[in-house]
Amino acid sequence: MTLKSIFDAKEIRAEFEAAGINPSFIPIIWKHAIISNNNDNFEWNHIPSLPSAAYPILYSKFKPLTSSLHSLLHSSDQVTSKLLIKLQNGALIEAVIMRYDTRLGKYNGKPRPGGPRSTLCVSSQVGCKMGCKFCATGTMGFKNNLSSGEIVEQLVHASRISSIRNIVFMGMGEPLNNYASLVEAIRVMTGPPFQLSPKRITVSTVGIIPAINKLHNDVPGLNLAVSLHAPVQDIRCQIMPAARAFPLEKLMDALQDYQKNSQQNIMIEYIMLDGVNDEEQHAHQLGKLLDTFQVVVNLIPFNPIGSASQFRTSNEHRVSRFQKILRGTYSIRTTVRKQMGQDISGACGQLVVNQPDKRSIEKSSLLTDIEDLHL
């Protein structure tokens, strides 16, 4: 019998309720499972004061962790760490820790408060069925969805390496195509013992309209990021085949409703592809498309995914000009994402399971904050 992850909240809750055990013991069990992450000798009976009926359930049906840290790679500047995690079924997924310093730069013209902190980029699926042509994960095809426990376990593994404050669902897979596990994982992360604020969690999607329509009601308060990547439908379909199922006009209507209900800014992710979507006319089209929205546009330099890639990275002048048009003509807050983790294939769009040689850590420096955009 395959044992389930103790962090599969729906499963452990159902087992406890069927046995008449108060579910309030579950966060206590999670806390001990987190602490025991590096202890091979941990046993469920090491947890004191549980109802006697709980122990047989734990031993027969659950494991503290169903996944293991297969390998850990650090970028040469020590700002990015990539975790290769082996699941119970033998599949491999990747998660990425990105370190920032919120004191660098300014916000509203004033020095930023805070200090060093880490953001964890988590995966929601093994592979991805969206097939975006600029994304390495899409080359894997779709393998399977992760359980909510397998999603949460990425946070457990990462927390032993760095103190995690922010979570971004921007790793392998389309989060909203694994909706039930996504919602359950977020509820676990925002409850005890993790206690992450929903404001520190960002879910990125290519635009799965039915899921967007119910996301705010199911997990209010989190940040929504939309992988738009083009201002018109035909270009979107060229680089994002899944866009054919979700026409741009209908997507924007869904985002309008989401913003009305949530009263929150939306992050618009826009990858800069040389000669494809990075010209001045595209900036003006994007500005007009977003005219009635409260958004933050995050321009993302394209990260190569091998010598066979059909795309090139936009040069700095084009990226800067694109940003100036959105800011100056349309008064849209626009940032340029820093490139992090390219040397370990941990940058945006580069997550595909492989096992490169270990890299050395040469120096340490913290980048200015880019994920914590106060949406």
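Residues numbered from 1 in each chain as written. Predicted model: local features only at pLDDT ≥ 70, side-chain atom pairs only at ≥ 80, totals over all residues. Heavy atoms only, no water.

Peer 1: Which residues make up helix H9 (residues 280-289), and what values do they have?
Peer 2: When we look at burial in H9, the residues that qualify are His-282, Ala-283, Leu-286 and Gly-287. An end-on view of H9 places all buried positions within 140° of arc, on one side of the element. (Buried < 20%, exposed > 50% of the residue type's maximum accessible area, 1.4 Å probe, protein only. Helix = DSSP H or I, 4+ residues; strand = E, 2+ residues; numbered from the N terminus. Arc of directions from axis to C-beta.)

Peer 1: Summarise the nonpolar core; cite the residues concerned and give the values.
Peer 2: Ile-6, Phe-134, Ile-167 and Phe-169 are the most contacted members of the largest nonpolar core, which totals 102 residues. Among the elements that make up this core, the one with the highest residue count is helix H5 (residues 179-189) (seven residues). With near-sequence residues (within four places) excluded, Ile-6 lies in contact with Ile-12, Ile-29, Trp-30, Ala-33, Trp-44, Leu-58, Phe-62, Lys-63 and Pro-64. (Core = buried A, V, L, I, M, F, W, Y, C linked by side-chain atoms within 4.5 Å. Contact = heavy atoms within 4.5 Å.)

Peer 1: Let's hear about the packing of helix H6 (residues 209-218) against helix H8 (residues 248-262): which residues, and what values?
Peer 2: With their axes 9 Å apart at the nearest point, H6 and H8 run at an angle of 5° to one another. Between H6 and H8, the angle is such that the two are roughly parallel. For the pair H6 and H8, contact is made by Ile-209, Ile-212, Asn-213, Leu-215 and His-216 and by Lys-250, Leu-251, Ala-254, Leu-255, Tyr-258, Asn-261 and Ser-262, respectively. Considered class by class, the residues forming the contact of H6 with H8 number seven nonpolar, four polar and one charged. (Axes fitted to C-alpha atoms, helices over the stretch in contact; angles between N-to-C directions. Parallel < 35°, antiparallel > 145°, perpendicular 65-115°, else oblique. Nonpolar A, V, L, I, M, F, W, Y, C, P; charged D, E, K, R; others polar.)

Peer 1: Talk me through the packing of aromatic side chains; I want residue IDs and the actual numbers.
Peer 2: Summed over all chains, the structure comprises five aromatic pairs. Arranged with centres 6.1 Å apart and planes meeting at 55°, the rings of Phe-7 and Phe-194 form a pair that is tilted. Within this pair, whereas Phe-7 is found in the loop between strand S1 (4-5) and helix H1 (9-18), its partner Phe-194 is found in the loop between H5 and strand S12 (201-205), the two being separated by 187 residues in sequence. Like Phe-194, Phe-7 is buried. Residues Phe-302 and Phe-311 carry aromatic rings whose centres are separated by 6.1 Å and whose planes lie at 80° to one another, so their mutual orientation is edge-to-face. (Phe/Tyr/Trp six-rings, centres within 6.5 Å; stacked < 30°, edge-to-face > 60°.)

Peer 1: Describe the environment of Thr-66, listing the residues and the values that go with them.
Peer 2: By the secondary structure assignment, Thr-66 is in the loop between strand S2 (62-63) and strand S3 (68-74). Exposure remark for Thr-66: the relative accessible area of 8% places this residue in the buried category. With 20 residues separating them along the chain, Thr-66 and Lys-86 place their C-alpha atoms 8.8 Å apart. For Thr-66, the residues in contact, after removing those within four places along its chain, are Leu-3, Lys-4, Ser-5, Lys-86, Leu-87, Gln-88, Glu-150 and Glu-153.

Peer 1: Give me the pattern of salt bridges: which residues, what numbers.
Peer 2: Evaluated as defined, the whole model comprises seven salt bridges. The salt bridge partner of Arg-13 is Glu-184, with a shortest N-O separation of 3.9 Å. Within this pair, whereas Arg-13 is found in helix H1, its partner Glu-184 is found in helix H5, the two being separated by 171 residues in sequence. (Salt bridge = Lys/Arg side-chain N within 4 Å of Asp/Glu carboxyl O.)

Peer 1: Explain the pairing of S3 residue by residue, including any values.
Peer 2: As defined by bridge partners, S3 adjoins strand S4 (residues 80-86) across six bridges and the pair is classed as antiparallel. For Ser-68, the partnering residue across the bridge sits in S4 and is Lys-86. Between S3 and S4, which pair antiparallel one after the other, the connecting turn spans five residues, and Gln-78 there sits at a positive phi close to 65°. (Pairing = 2+ DSSP bridges.)

Peer 1: Describe in detail unusual backbone geometry, supporting the description with residues and values.
Peer 2: In the segment running from Pro-192 into Pro-193, the intervening peptide bond is cis, with an omega of 5°. Of note, Pro-193 is situated in the loop between H5 and S12. In this model, Gln-78 sits at a positive phi of 65°, which is unusual for a non-glycine residue. Examined against the element boundaries, Gln-78 turns out to sit in the loop between S3 and S4. Although it is not a glycine, Gln-263 sits at a positive phi angle of roughly 55°.

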